[in-house]
Amino acid sequence: MIRSIRSRVLVAASLALAGFLGVTGAALDRAFRSSAESSVRDYLQTQVYGLLAAAELAPDNTMKLPATLPEPRLSRTNSGLFAWVSDAGGDTVWKSPSALGVDAAAAPRPEAGEFLFRRGETQNGQPVFVLGYSVVWEATDGRELPFHFTVAEDYSLYQSRVNEFRQTLWLWLLASVVVLIVVQLGVLLWALRPLRSLAAEVNRVERGERDRLSTDYPDELQSLALNLNALLANERKQRQRYRDKLDDLAHSLKTPLAVLRNLSEQGAKHAPRGDDIPDDTLSEVSTQVDRMHDIVSYQLRGAASGTGEFALAQPVGPEIDKLARSLGKAYHDRGIDIEVDAPGECRFRGDVGDLLEILGNLMDNACKHCRGRVRVQAACSAESEALTIAVEDDGEGIPEGRRAAIVERRVRGDTRTEGQGIGLAVVHSIVTDYGGSMEIDEAALGGARVVVHLPGAMRR
């Protein structure tokens, strides 16, 4: 199996070249043979005209030709050129000296004044080209005497010319194939040089000798190099995200662990005396365990999120509708009215889990803090390829003094805002990873309005 692109291209091009030159050679060979036959016909026709010019009708109405003929070959034996003249009965009345020992070639008689050319054989079985011509000669007494002139040339002379041409033709075609393959190989090596350079750079990246590919490539490869650089950058960013999230996780767990350690020490002090552990201590332990669970879930979600440069575009509307139905059932006792406005062309290019995380946290927060109405809107821009999601409610809202703290800084898992859970921190983390932004303002419904901008995340 041929695995090299260069070998595949070279083999395919060589086969195509060989096939083309083979067809060309066959066509040229056929054209030459046709031209050679026409040349033989014209030559024999010229000999007939020469014999007619030299022929005379004797007084006894017999055909006479001079001893010295117009074509010297007709006077030499074994020259390969023969001529005969026959009368109306088909009897030979004259033959050239070259036809000594060669019987006339059998040929049908054409009409007077017409030529008939074909391949044939002499009566001795010698293959020849034969040209026949019939003429009516007027005798001295006024009678019309028909005569048939036949000129033949040995087929081997024609065949030797064809063989010589074929040898020369195929020799030159073979030389052309070799030269063209060499040129083709040179052009192929030159054309594939950028691919070899790209492969070498990829190998150096794999060995850790460089961190990105250069973009000085032809247009056909430049896009590939840019995409590979984006993939490498995303992979490094992902690794860094895991490290950061693990650092955040370790840092976030310090406080709850310290609290649990203190509580365990307090429990140890009460245990020897047989005192019951205070209820507030048990409650605090439960709170800290729940808090640690939330911290771990948040950090793991943040570590697993991706920017989605190579993800497929996901429709936004169906996901919003599904979440709205689920939240409607979860808060059915409150009778919340969830209004959705999401055009079908709006799409999110990224991990669908990130989309659900953004929508789920924003819509759940809105349902928790609303009085009875929630509105979810999605908008997209074909010019900037951006997606905007806005979630608002008719609750008390978020005080203006606390909005900047939630939006501008990267909230850690152990930092909670009064009245707002860890959900907004998750949303802000995911949106920032996608290169977007989040803002909080006052909603037209009276409560809080959270707007998420995701530039370049929409694809039609």
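See the structure above.
Residues numbered from 1 in each chain as written. Predicted model: local features only at pLDDT ≥ 70, side-chain atom pairs only at ≥ 80, totals over all residues. Heavy atoms only, no water.

**Some words on the side chain of D394**
Inference 1: By the element assignment, D394 lies in the loop between β12 (386-393) and α8 (400-408).
Inference 2: No salt bridge forms around the buried D394; measuring N to O, its nearest opposite-charge neighbour R373 is 5.6 Å away.
Inference 3: Of note is the side chain of D394, whose polar atom sits 3.2 Å from the backbone nitrogen of G372.
Inference 4: Ignoring anything within four residues of it in the chain, the contact list for D394 reads C370, R371, G372, R373, L445 and G447. (Helix = DSSP H or I, 4+ residues; strand = E, 2+ residues; numbered from the N terminus. Buried < 20%, exposed > 50% of the residue type's maximum accessible area, 1.4 Å probe, protein only. Lys, Arg positive; Asp, Glu negative; His and termini not counted. Salt bridge = Lys/Arg side-chain N within 4 Å of Asp/Glu carboxyl O. Polar contact = N/O pair within 3.5 Å; in protein donor to acceptor, adjacent residues only side chain to side chain. Contact = heavy atoms within 4.5 Å.)

**Some thoughts on helix α9 (residues 423-433)**
Inference 1: Counting buried positions along α9 gives 10 out of 11 residues, so the element sits mostly inside the fold.
Inference 2: Those residues of α9 that fall on the buried side of the exposure criterion are G423, L424, A425, V426, V427, H428, S429, I430, V431 and D433.
Inference 3: Positive backbone phi, at 75°, marks G435, one or two positions downstream of α9.

**Observations regarding the packing of helix α7 (residues 352-369) against α9**
Inference 1: Orientation of α7 relative to α9, taken along the N-to-C sense of each, is 145°, at an axis distance of 9 Å. Between α7 and α9 lies a crossing whose hand is left-handed. On α9, the residues touching D354, E357, I358, N361, L362 and N365 of α7 are G423, L424, V426, V427, I430 and V431.
Inference 2: Along the lines of polarity and charge, the residues of the contact of α7 with α9 split into 7 nonpolar, 3 polar and 2 charged. (Axes fitted to C-alpha atoms, helices over the stretch in contact; angles between N-to-C directions. Left-handed = near helix turned anticlockwise from the far one by under 90°. Nonpolar A, V, L, I, M, F, W, Y, C, P; charged D, E, K, R; others polar.)

**Some details on unusual backbone geometry**
Inference 1: Within the chain, N78 stands out as a residue other than glycine whose phi angle is a positive 60°.
Inference 2: By the secondary structure assignment, N78 is in the loop between β2 (63-64) and β3 (81-86).

**With respect to the nonpolar core**
Inference 1: Counting residues in hydrophobic clusters, the biggest one holds 37 residues, and the most contacted among them are I338, L362, M363, V374, V391 and V452.
Inference 2: Listing elements by their share of this core, those giving two or more residues are α6 (317-330), α7, β11 (373-381), β12, α9, β13 (437-442) and β14 (448-454).
Inference 3: Element by element, the count of residues in this core is highest for α7, at 7 residues.
Inference 4: Dropping the residues within four chain positions of it, V391 is found in contact with L362, M363, A366, V374, R375, V376, A448, R449 and V450.
Inference 5: Ranked by size, the runner-up nonpolar core spans 28 residues in total, among them L51, L52, L65 and V85. (Core = buried A, V, L, I, M, F, W, Y, C linked by side-chain atoms within 4.5 Å.)

**Looking at the sheet that holds strand β4 (residues 92-95)**
Inference 1: Taken in spatial order, the 5 strands line up as β4-β3-β7-β6-β5 in an open sheet, and their pairing is antiparallel. With partners counted over all chains shown, the strands left at the sheet margins are β4 and β5 (115-121), one partner each. The sheet shows a mean angle of 25° between the axes of neighbouring strands, taken without regard to direction.
Inference 2: Sheet analysis places strand β6 (residues 127-138) next to strand β7 (residues 144-154), joined by 11 bridges and oriented antiparallel. Of the residues in β7, the one forming a bridge with S134 is H148. (Pairing = 2+ DSSP bridges.)

**Remarks on the pattern of salt bridges**
Inference 1: According to the stated counting rule, one finds 10 salt bridges in the structure shown.
Inference 2: Of the charged contacts, one joins E319 and K322 as a salt bridge, the two residues approaching to 3.4 Å between their closest N and O atoms. Here K322 and E319 lie together in helix α6, a separation of 3 residues that amounts to about one turn.
Inference 3: Between D364 and K368 there is a salt bridge whose closest N-O contact spans 3.3 Å. Taken together, the residues span about one helical turn, with D364 and K368 both in helix α7 at a distance of 4 residues.
Inference 4: Accessibility expressed as a relative area gives 22% for D364, which makes it partly exposed.
Inference 5: K368 gets classed as partly exposed once you look at its relative accessible area, which sits at 47%.
Inference 6: Bridged by salt links that share partners, the residues E339, R373, R375 and E392 form one connected network.

**Digging into a nonpolar patch on the surface**
Inference 1: On the surface, a cluster of nonpolar side chains totalling about 410 Å² of accessible area is made up of V179, V183, V187 and W190.
Inference 2: In this fold, W190 is placed in helix α2 (residues 155-191). (Patch = residues over 30% accessible without salt bridge, like charges linked within 9 Å, V, L, I, M, F, W, Y side chains within 5 Å. Areas by Shrake-Rupley, 256 points an atom, 1.4 Å probe, with all protein chains shown as cover.)

**Topic: the packing of aromatic side chains**
Inference 1: In this structure the tally under the stated criterion is 9 aromatic pairs.
Inference 2: Centroid distance F82 to W84: 6.1 Å. Interplanar angle 35°. Geometry classified as tilted.
Inference 3: We classify F82 as buried; its relative accessible area is 3%.
Inference 4: A relative accessible area of 3% means that W84 is categorised as buried.
Inference 5: Here F129 and Y155 contribute two aromatic rings whose centre-to-centre distance is 5.3 Å and whose plane-to-plane angle is 45°, an arrangement assigned as tilted. Taken as a pair, F129 in strand β6 and Y155 in helix α2 lie far apart in primary sequence, 26 residues in all.
Inference 6: Since its relative accessible area comes to 1%, F129 is described here as buried.
Inference 7: One aromatic cluster in this structure is built from F117, F129, Y155 and Y158. (Phe/Tyr/Trp six-rings, centres within 6.5 Å; stacked < 30°, edge-to-face > 60°.)

**Focus: the sheet that holds strand β9 (residues 337-341)**
Inference 1: If you trace the 5 strands from one edge of the open sheet to the other, you get β9-β11-β12-β14-β13, paired in mixed fashion. Where the open sheet ends on each side, the last strands, each with one partner, are β9 and β13. Adjacent strand axes in the sheet meet at a mean angle of 15° when their direction is disregarded.
Inference 2: In this sheet, β11 lies alongside β9 in parallel orientation, the contact comprising 5 bridges. Bridged to D341 within β11 is Q377.

**Details of the pairing of β7**
Inference 1: Extensive coverage of β7 is indicated by the burial of 9 of its 11 residues.
Inference 2: In terms of strand pairing, β3 meets β7 through 6 bridges, oriented antiparallel. What sits directly across from W84, in β7, is T150.
Inference 3: As consecutive antiparallel partners, β6 and β7 are separated by 5 residues, and within that stretch G142 has a phi angle of approximately 90°, a positive value.

All quantities given are derived from atomic positions and should not be read as evidence of function.
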